[in-house]
Amino acid sequence: MTPFECGVCWSGYDPAEGDPVWQIEPGTAFEALPAHWRCPKCDAPKEKFLAKPQPLGERLVRAWRTVMPRLAGLPVTNSRLTDVLCSRVVSTEGGQLAVVMTPWCLNAVWVADDGRAVATRGATVVRALPSGTYDFVAGELEGVGPVLSLSLMSPVLEFDGLEAGQVAVDAAFEALLLAPVPVQVTPTMGTSRRELFDLLRPSGP
Ligand code: FE
């Protein structure tokens, strides 16, 4: 479900939205558009369209959204988290890193700038971040390619909605990747990830 853009007028085709001009239903992949479909703005033919480069955050969110239906309703899945959440993205060690929350986990994810794998799948890769050194695991994410993942919290049942989830995502990003970290989190940094995330949990019953 990659977005495309017109190579003539640069207007976009977003599969999530479809195209009201040509009466294309939302959810229609670019590849599935009829052969006679043309740019709704400048009338360029379909062949003039190019896949639009996606920022990492959007690629991660799209990738996990496609997995969400498969895990819906499982005990590990938080039904109040109705979407995938992503932090800002930071460049580090030849790649980009972000924190992502799905309805079942909170992960830090690193992707190489050239998109290549840095280790075989399942291998541990040590990454030094401003807050400490972490063991990432090499893997593959459909729609993104080779990634390094660091599990921060799983499951994530205590978050009562997307707002609370986003607060935790942003707090985790700050705590992991940026220095200085908030005063109340500092004593636990680099010692126990569990303690860190106890502090990041939203308060309340
Ligand atoms: Fe166009």
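Chains are numbered independently. Their residues run from 1 in the order of the written sequence. For a predicted model such as this one, the threshold for reporting local features is a pLDDT of at least 70, and the threshold for listing and counting side-chain atom pairs is 80 or more; totals across whole chains, interfaces and linings nevertheless cover every residue. Only hydrogens and water are set aside when side-chain values are computed; all heavy atoms of the structure are taken into account.

Remarks on the overall build of the protein
Logical step 1: For the protein, the helix and strand inventory stands at three helices and nine strands.
Logical step 2: Ordered by position in the sequence, the α and β elements of the protein form the string β-β-β-α-β-β-β-β-β-β-α-α.
Logical step 3: For the protein, buried positions account for 43% of its 205 residues.
Logical step 4: Calculation of accessible area relied on Shrake-Rupley with a 1.4 Å probe; when residues are assessed, cover is drawn exclusively from the protein chains displayed. Summed over all atoms, the accessible surface of the protein reaches about 11,000 Å², with 54% contributed by carbon and sulfur. Secondary structure counts use DSSP, requiring at least four H or I residues in a row for a helix and at least two E residues in a row for a strand, with both numbered from the N terminus. Type-normalised accessible area, obtained with a 1.4 Å probe on protein chains alone, sets the label of each residue: buried when under 20%, exposed when over 50%, and partly exposed for intermediate values.

Regarding the coordination of the iron ion
Logical step 1: The donor set covers N, O and S atoms within 2.8 Å of the metal, switching to 3.2 Å for Na, K and Ca, and it leaves out water, so a site may look short of donors. Every protein donor of the iron ion is accounted for by C6 (SG), C9 (SG), C39 (SG) and C42 (SG), and the metal-donor separations fall at 2.3 Å.
Logical step 2: Key to geometry: four donors with every angle between 85 and 135 degrees are tetrahedral; four donors are square planar and six octahedral where opposite donors lie over 155 degrees apart and all remaining angles lie between 65 and 115; all other sites are irregular. Coordination geometry of the iron ion: the four donor atoms subtend angles of 103 to 114 degrees at the metal centre, consistent with an arrangement described as tetrahedral.

Quick look at the sheet that holds strand β9 (residues 145–153)
Logical step 1: The six strands lie next to each other as β4-β5-β6-β9-β8-β7, forming an open sheet whose pairing is antiparallel. Across the chains shown, the open sheet's two edge strands, defined by having one partner strand only, are β4 (85–92) and β7 (124–129). Adjacent strand axes in the sheet meet at a mean angle of 30 degrees, parallel and antiparallel pairs treated alike.
Logical step 2: The pairing of β4 with strand β5 (residues 95–101) spans six bridges and is classified as antiparallel. Bridge pairing links C86 to V100 in β5.
Logical step 3: Only heavy atoms matter for contacts: two residues are in contact if any of them lie within 4.5 Å across the pair. Angles shown run from 0 to 180 degrees and are taken between the N-to-C directions of axes, each axis being a line fitted to C-alpha atoms and, for helices, limited to the stretch in contact. Against the sheet, helix α1 (residues 56–71) touches β4, β5, β6 (106–112) and β8 (132–141), its axis set at about 45 degrees to β5.
Logical step 4: The strands that helix α2 (residues 162–177) touches are β4, β5, β6, β7, β8 and β9; relative to β4, the one it contacts most, it runs at about 15 degrees. When DSSP finds at least two bridges between two strands, those strands are taken to pair.

So, the nonpolar core
Logical step 1: Put simply, a nonpolar core is a bunch of buried Ala, Val, Leu, Ile, Met, Phe, Trp, Tyr and Cys residues held in one set by side-chain atoms that sit within 4.5 Å of each other. Core analysis: the biggest nonpolar cluster contains 27 residues, and V99, M101, L106 and F136 have the highest contact counts within it.
Logical step 2: Apart from the residues within four sequence positions on either side, F136 is in contact with L97, A108, W110, A123, T124, V125, R127, L129, L148, S149 and L150.
Logical step 3: Of all hydrophobic cores here, the second largest spans 19 residues; its members include L60, C105, V109 and V147.

Structural notes on the packing of aromatic side chains
Logical step 1: For Phe, Tyr and Trp, rings pair up if their centres lie within 6.5 Å, where Trp contributes its six-membered ring, and each pair is then called stacked (planes under 30 degrees apart), edge-to-face (over 60) or tilted (otherwise). Inspection of every chain in the model, using the stated rule, returns six aromatic pairs.
Logical step 2: Arranged with centres 5.6 Å apart and planes meeting at 70 degrees, the rings of Y13 and W37 form a pair that is edge-to-face. Of this pair, Y13 sits in strand β2 (residues 12–13) while W37 sits in the loop between β2 and β3 (49–51), placing them 24 residues apart in sequence.
Logical step 3: Residue classification places W37 among the buried residues on the basis of a relative accessible area of 1%.
Logical step 4: Arranged with centres 6.0 Å apart and planes meeting at 85 degrees, the rings of F30 and W37 form a pair that is edge-to-face. W37 shares its class with F30; the two are buried.
Logical step 5: These aromatic residues form a ring-pair network of at least three members: F4, Y13, F30, W37 and F49.
Logical step 6: A ring is considered to have a charge above it if a Lys NZ or an Arg CZ atom is located within 6 Å of its centre and within 35 degrees of its normal. Lying across the ring of F30, K46 places its NZ or CZ 5.4 Å from the centre.
Logical step 7: A cation sits over an aromatic face here: R127 above W110, 4.2 Å from the ring centre.

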